[in-house]
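These are the residues of each chain, in order.
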Amino acid sequence: MTTLDQRVGGRVGESTRRPDGIPKATGTFEFVGDLEADDMLWAATRRLYVPHARLTRVDTTPALTMDGVHAVLTQEDVPGLPYQGQIIHDQPVLAEGEVRYWGEAVAIVAADDFETARRAAAAIIVEYEPLPALTDLEEALDREEIFRHVPVRRGDLDVHGEVVVEGYYETQTVDQAPLGTEAGLAIPDGEGGVDLYPPSQWIHVDLEQLAACLGLEEDQVRVHPTGLGGAFGSREDMSVHAHLCMLALRTGRPVKTWYDRLESFAGHVKRHAARMWYRHEADRDGRLVRVEAKVLLDGGAYHMTSDAVIANSAYFAVGPYRCDTVIVDGYALRTNNPPAGAMRGFGANQVAFAYEAQMDRLAEALGMDPLELRLKNAIGPGEHLATTGQEITEPLPVREVIETIRAMPIADVDDRPIGWGLTTPAERIVRAVGYAIGFKNLAFSEGFDDYADARVVLTTDGAEVHTAASEVGQGMVTILEQIARTVLGVSRARTVWDDTAHIGSAGSSSASRQTQMTGGAVYQAALQVRRDVLDRWGGDDLDDRGVLRNGEVIVTWEDVCRDGDPSAEVRFRHPPTEEPDENGQGRLHADFSIGIERAVVDVDLELGLARVVQIDAVQDVGRALNPMQIIGQIEGGVAQGFGAALLEEVVLREGTVMNPTFTDYLLPTIEDMPPVESIIIEQPGTWGPFGAKGFAETPTIAATPAVVAALRRATGRALNRIPVRPEDIVF
Amino acid sequence: MKLNINGHETVVEVRGDENLLWVLREELHLKGAKDACLQGECGSCTVLMDGEPVCSCLVLAADAEGAEIVTVEGIGTPDEPHPIQQSLVDHGAAQCGFCTPGIVVSAYHLLETHPSPSEADVREALAGNICRCTGYGAIIRAIGDV
């Protein structure tokens, strides 16, 4: 097991405990679903669990006439623009004559209590005529149901290699399965506006959509950060948001709702299922000379963030490998499957499953060691990304992570019986090792104006960090306070989450971006406060007592703050990126993260059962601001990655989700989870605070192909689809 | 009906079909137990009922009458956290924290019944508690270090 240097403290580089840890462990932390308000109503949603249908009759009368029901609303009641969407506003707030995916919301109800609201929702008469559901990706492509096509053409397209490996790969639809389901509370302000407490990874992008939907000015809607039971991408798009605001504004009372697990499966986006065709060509020495890929992502019924996800799939289609001729076509497609959007890895996971399998098969064709092949093709600073041609200008230790994991001893894991009845003779239980890389961009790309606002205030009680950034559980709050304490020299810091009316956007808590982005803003703001105070008082340092000169206190914080607390507000931007040209070329990304994992897997060849017995991980982090939290992100990422390799799948039959419960959607338990040994690689970047980089998606990306690589070695099978099921191993 | 929660007798009106989790959260405002799956699969709602860990989502509130119920709030408080709670925080075993109250209750029961558990004991005792964030490593380290 990984051991940590346990230091209680608060500065950058220390394994500081998270400030919300004790409230969480004692059950006193307030999650969004725990919120209440006086005189509150409960809301419930009427959904139609049919993949595609024309609504022939929606009669709300039976609900409206029930005792205790205060409002029943449909799409006709949306006060403003009746569509929402983070990038493209194409999703009806409530179904508009048609439902286009399983579980689309048709109507919403507010009532005195939750039971009444749910019964009223069920009483609404919904009659419909089923329509054919488009659920096949190739059919969607043939029918040109294309959200976005991302082409990449680079190099001399006539170049070919002597050694050719072709492959076809599929990845499944995955649910983020955050333990906290969707919930929220909207409170009308009595003046036509509303305060909303939603589950969100980015409250300012919710605000833009909400103001439009509600037909209000942005200052009439205040969106508040809330406590979240996980996110992993599922809160990038809106869920309860507009519905609660509409009901609160209609009834003039606070309205709360909460989704049960089944409704949660219907109520948030999924990770895109993918189909991928690959052709790798190399010379006899193992140098990649040509890679071709076609990637189809299942975007489901509405755009959501598919347009950005497919860009990642296309631009990361070759991985961190050198290749001068690349042809990629990525398509995000519209179907009647559940809408897909963000999930940890954001389009990079699917292609990593494919290109890492291709690299292993190429190594086999060449008779080379798989790590040697990766080393031979690894890009580094000063070189160019195979797809976009972008020069790598930040540290990117691809070679280092490969060499480091190669040098790690393979743990001598005890020979516990594999544990499923001992029916299989020992020689039919095979242990094998697989490696895979995780590689991804950091922060937002393709010319997006990506920024984070933060305000730092120095008070007599330490530093205050003001932000709108979503703390989804990742531990950003710990990092922001460590940065503030380190820059300002004080022991105490606290985070104040401001609503959208009181601070600017922090951007999304996604894309592994908040340590660098909001962390960068806090760093710059704290530096400015520090400089201002030192200049004002003629000091040369700060500590808990006040301003110092030559180690002596020259003025205390009480005196410094007498005329107001010193503060600074900063809008932090990462290095600019460009929009792609027509061939997908350009400086499209601000930065990259690289990691590698080794999976040791035991496979019972007779029963088809697999147990991951050890994962080793080497992870690039720029600079480690909190090693304990980094280890936590690696281990958590590994769990989600091997879950996708072996267990997790949203099973779809013609667009219907067959397993929308935790009984049937299998998540890794503590019994499934192997020990994880992690090594952190520190090569400080140039623009994040103290050289830190984001990284927390790459461990998930790497784990899936690493586990499947080990399974291929153990079984000799192609295993081109995840999750790998027992029948894939046995039959 | 009367419920004995964390050593206190409480009178609460129930309709009849509510589960214990709903009564704890919505009637008694004890929001430590969490509502993540309502099928007894995730363990977020774990409480002790007469000393045994149960998923409160699967217990009819009426069936809890006469039983001693201990929730996460009865194990420690922010001012006086139980050593299990402190150790989970010290080891970074709470990320989003939604599963943490259930983990605390399961770990408390384990340590009450097995004061020096092996790692296998810890894994078995927590097999019914799903954590989506941590990958469980920090949880295992934390319970081993109480």
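Residues numbered from 1 in each chain as written. Chains lettered and ligands numbered in written order. Predicted model: local features only at pLDDT ≥ 70, side-chain atom pairs only at ≥ 80, totals over all residues.

## Looking at the overall build of chain A
Here is step 1 of the chain: Across its full length, chain A holds 17 helices and 30 strands.
Here is step 2 of the chain: On C-alpha atoms alone, chain A measures out to a radius of gyration of 26 Å, which is about the 27 Å that the 2.2 N^0.38 rule sets for 731 residues.
Here is step 3 of the chain: Taken along its principal axes, the extent of the C-alpha atoms in chain A is 80 × 70 × 55 Å. (Helix = DSSP H or I, 4+ residues; strand = E, 2+ residues; numbered from the N terminus. Rg over C-alpha atoms; globule rule 2.2 N^0.38 Å.)

## Topic: the domain arrangement of chain B
Residue and element names in this part refer to chain B.
Here is step 1 of the chain: You can read the domains of chain B as domain 1 (2-74) and domain 2 (83-144).
Here is step 2 of the chain: The C-alpha centroid of domain 2 is placed 20 Å from the C-alpha centroid of domain 1.
Here is step 3 of the chain: Domain 1 puts 13 residues into the contact, and the matching count from domain 2 is 11 residues.
Here is step 4 of the chain: Residue composition of the side of domain 1 that touches domain 2, by class: eight nonpolar, four polar and one charged. (Domains from an automatic or database assignment. Contact = placed C-beta atoms within 7 Å. Nonpolar A, V, L, I, M, F, W, Y, C, P; charged D, E, K, R; others polar.)

## Re helix 16 (residues 698-715) of chain A
Here is step 1 of the chain: Helix length check: helix 16 of chain A (18 residues) gives 26 Å between terminal C-alpha atoms against 26 Å at 1.5 Å per residue, within 8%.
Here is step 2 of the chain: Burial within helix 16 of chain A is extensive, with 18 of its 18 residues counted as buried. (Expected span 1.5 Å × (residues − 1). Buried ≥ 20, exposed ≤ 12 C-beta atoms within 10 Å, placed from the backbone.)

## Quick look at the packing of helix 9 (residues 348-366) of chain A against helix 10 (residues 370-377) of chain A
All names here are of chain A.
Here is step 1 of the chain: For the pair helix 9 and helix 10, the least separation of the axes is 9 Å and the interaxial angle reads 105 degrees. As summarised for this structure, helix 9 and helix 10 are arranged roughly perpendicular, according to the angle between their axes. In this structure, helix 9 uses Met359, Asp360, Leu362, Ala363 and Leu366 to contact helix 10, whose residues at the interface are Pro370, Leu373 and Arg374.
Here is step 2 of the chain: When its residues are assigned to classes, the contact of helix 9 with helix 10 shows six nonpolar, no polar and two charged. (Axes fitted to C-alpha atoms, helices over the stretch in contact; angles between N-to-C directions. Parallel < 35°, antiparallel > 145°, perpendicular 65-115°, else oblique.)

## Describing the interface of chain B and chain A
Here is step 1 of the chain: Contact residues are listed per partner, giving 42 residues for chain B and 46 residues for chain A.
Here is step 2 of the chain: Put simply, the parts of the chain that give the side of chain B that touches chain A at least two residues each are helix 2 (83-90), helix 3 (100-113) and helix 5 (137-144) of chain B.
Here is step 3 of the chain: It is helix 2 of chain B that provides the largest number of residues to the side of chain B that touches chain A, a total of four residues.
Here is step 4 of the chain: A breakdown of the residues in the side of chain B that touches chain A according to their chemical character gives 21 nonpolar, 13 polar and eight charged.

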